Amino acid sequence: MAASALTPHGTAFPEEGRCGYFVEKKKRFCRMVVAAGKRFCGEHAGASEDFFIQDINAGLKDETEIPDQLVPISSLSEEQLENLIKKLRKACEGLNCTLKDQIMSHPALHDALNDPKNGDSAAKHLKQQASILGNIENLKLLGPRRCFVEFGAGKGKLSHWVDIALKDAEKVHFILVEKVTTRFKVDGKHRKKNSVFERLQIDIQHLCLNKIPLLSKEKLPVVGIGKHLCGVATDLALRCLVETYAASCEERNEEPLAKRIKNDKTEKEINTLAKEGNEKNIPEKWTPVAGIVIALCCHHRCDWRHYVGKEYFRALGLGAVDFHYFQRMSSWATCGMRKTTLEASNISTKRRDEQIDGSEEHDDGGYRITDDSAESLPGFLTVEEKKKIGHLCKLLIDQGRIKYLQQKGFSPALQYYIEPLVSLENVLLTALPNHSSPPETSA
């Protein structure tokens, strides 16, 4: 190809054998090697599909982007750190710092939970999946005629258990979104005639749901789910659901098949649904997004550009730099559970192996290794004080997400869905459209 040949970006075409994805931030093409006959590398494989729109869920660039040369927390003076903490505490005044316990289970996982072959790690993940599933049902989202979109799906285990719980409910679809190649997937094992699984290898940042043929054709209400959706991925998923998808559906004034369920069902269908106990789980009023249930994770991996709560932060007099330090300080929430250097090294090695295997788990069930270690920080704070500050940072970041969802017409909530001994990342974000009936409260 002639050197003078240029793409619409005004740049030379990608090198032969290299990925054809244009990285806007770096003003060049991705340099990853691609497999024979392929145009894109594994991470950018979704770019070849119609549902790929670059940066559609990224959020607007802020003129006050975080400077590149911000010093790490460990290099701040004691006075600077104290001022940050004062800002944090003032911003959190009036917030409910104690979330409601909504620890649940579901009979679909009864046998798996009681399997004597379970190791400690397997048992912890099953308890989390069971509680998430229980919360999905409590929100009346577990029923027929809908599409479950699992963000950060990994092996697809959460969708697997949703499918098991639904038994033979009709017209159920699953879209599993994961940007990396995943080994040992469970979604490929499903052969039920009433449920369809589709896996998308794409970064959530570029995912346009309303261009997925399955959704554009069937027009089923979407339920967004995720287990430990890491940091920035939560914000990208929220924007993907309530801006990119829901807003576009409403602009087109679509009237999906699901909206006519109450009027169109035959007597046989009504009796069948009533017998299965699913009649109560059919939404009386259609909405593009029927609900959201996401287990939160890794606040220290959030990003100001993608964060959906920027308006909330600005209303509190906070900006990009404050957010940067608060997200880093959020890692202190687990500093009391740190292990020895040797154990940390072993865990880090294990985590890298798990990521290579495509594990969807971002938590280790007990502690987290972070960049800003407690030992390197000024000594005027005790470990317990640092943990409390870390939790306040998480709460403030999540409160921005709550305010965002409220502005978008949802009734959101935060709750503890599992005991901290099972996972320190134990907060579940849920949201229902404002017109939905409230969920039952646990005893």
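Residues numbered from 1 in each chain as written. Predicted model: local features only at pLDDT ≥ 70, side-chain atom pairs only at ≥ 80, totals over all residues. Heavy atoms only, no water.

Undergrad: Sorry, what's going on with the pairing of strand S8 (residues 289-297) here?
TA: A regular strand places its side chains so that they alternate between the two faces of the sheet. Along S8, 9 of the 9 residues are buried, which leaves the element largely enclosed by surrounding structure. Both strand S7 (residues 222-230) and S8 contribute to a ladder of 7 bridges, which runs parallel. Following the sheet pairing, Ile-225 is matched in S8 by Val-293. In this structure, S8 lies alongside strand S10 (residues 427-433), joined through 4 bridges in antiparallel fashion. From the neighbouring strand, Ala-295 faces S10, where its bridge partner is Leu-428. (Buried < 20%, exposed > 50% of the residue type's maximum accessible area, 1.4 Å probe, protein only. Helix = DSSP H or I, 4+ residues; strand = E, 2+ residues; numbered from the N terminus. Pairing = 2+ DSSP bridges.)

Undergrad: Explanation requested: a positive patch on the surface in the structure shown.
TA: Together, Arg-18, Lys-25, Lys-26, Arg-31 and Lys-61 make up a region of like positive charge exposed at the surface. Secondary-structure assignment places Arg-31 in the loop between strand S2 (28-29) and helix H1 (78-91). Taking the relative accessible area as the measure of exposure, Arg-31 reaches 54% and is therefore exposed. (Patch = residues over 30% accessible without salt bridge, like charges linked within 9 Å, V, L, I, M, F, W, Y side chains within 5 Å. Areas by Shrake-Rupley, 256 points an atom, 1.4 Å probe, with all protein chains shown as cover. Salt bridge = Lys/Arg side-chain N within 4 Å of Asp/Glu carboxyl O. Lys, Arg positive; Asp, Glu negative; His and termini not counted. Charge placed at Lys NZ, Arg CZ, Asp CG, Glu CD.)

Undergrad: I tried to follow the packing of aromatic side chains on my own but got confused; where do I start?
TA: To describe a pair of aromatic rings, you give the distance between the ring centres and the angle between the ring planes. On inspection of all chains with the given rule, the structure shows 10 aromatic pairs. Here the aromatic rings of Tyr-312 and Phe-313 are separated by 6.5 Å at their centres, their planes lie at 70°, and the arrangement is edge-to-face. A ring pair is formed by Phe-313 and Phe-323, whose centres lie 5.5 Å apart and whose planes are at 75°; its orientation type is edge-to-face. In this pair, Phe-313 is assigned in helix H9 (residues 310-315) and Phe-323 in helix H10 (residues 320-329), connecting sequence segments 10 residues apart. A single burial state applies to Phe-313 and to Phe-323, both of which are buried. Put simply, the rings of Trp-304, Tyr-307, Tyr-312, Phe-313, Phe-323 and Phe-326 touch in pairs and so form one group of aromatic residues. (Phe/Tyr/Trp six-rings, centres within 6.5 Å; stacked < 30°, edge-to-face > 60°.)

Undergrad: In this structure, what is going on with the sheet that holds S10? I would like to understand it.
TA: The strand order across the open sheet formed by 8 strands is S3-S9-S10-S8-S7-S4-S5-S6, and the pairing between neighbours is mixed. Pairing within the sheet leaves two strands with one partner each, and these edge strands are strand S3 (100-101) and strand S6 (195-200). Contacting strand S4 (146-151), S7, S8 and S10, helix H3 (residues 120-138) runs over the sheet at an angle of about 150° to S7. Along the sheet, helix H12 (residues 383-407) contacts S8, strand S9 (410-416) and S10; its crossing angle with S9, the most-contacted strand, is approximately 155°. (Contact = heavy atoms within 4.5 Å. Axes fitted to C-alpha atoms, helices over the stretch in contact; angles between N-to-C directions.)

Undergrad: Can you help me understand the pattern of salt bridges in this one?
TA: Side chains bearing opposite charge may pair, as long as their charged atoms lie close to each other. Overall, the coordinates contain 10 salt bridges when judged by the stated rule. Between Asp-120 and Lys-124 there is a salt bridge, and its shortest N-O distance comes to 3.4 Å. Pair noted here: Asp-120 and Lys-124 are both in helix H3, with a separation of 4 residues, about one helical turn. The residue Glu-170 makes a salt bridge to Arg-145 at a minimum N-O spacing of 2.4 Å.

Undergrad: Can you walk me through the side chain of His-206 in this structure?
TA: Along the chain, the position of His-206 falls in the loop between S6 and helix H5 (213-218). Once you skip the residues sitting within four places of it in the chain, His-206 turns out to touch Tyr-21, Phe-51, Phe-52, Ile-53, Gln-54, Asp-55, Ile-56 and Asn-57.

Undergrad: Please explain the environment of Leu-429 as it appears in this structure.
TA: The topology assignment puts Leu-429 in strand S10. Between the alpha carbons of Leu-429 and Tyr-417 there is a distance of 9.4 Å; along the sequence they are 12 residues apart. Each residue touching Leu-429, except ones within four places of it in the same chain, is listed here: Leu-238, Ile-292, Val-293, Ile-294, Leu-296, Ile-402, Leu-405, Ala-413, Leu-414 and Gln-415.

Undergrad: What is the right way to look at unusual backbone geometry in this model?
TA: Among all residues save glycine, negative phi is the norm, and among peptide bonds the norm is trans. We note that Arg-145 has phi near 55°; this positive angle belongs to a residue other than glycine. Secondary-structure assignment places Arg-145 in the loop between H3 and S4. Residue class for Arg-145 comes out buried when judged on its relative accessible area of 9%. Of note, His-228 is a non-glycine position whose phi angle comes to about 55°, a positive value.

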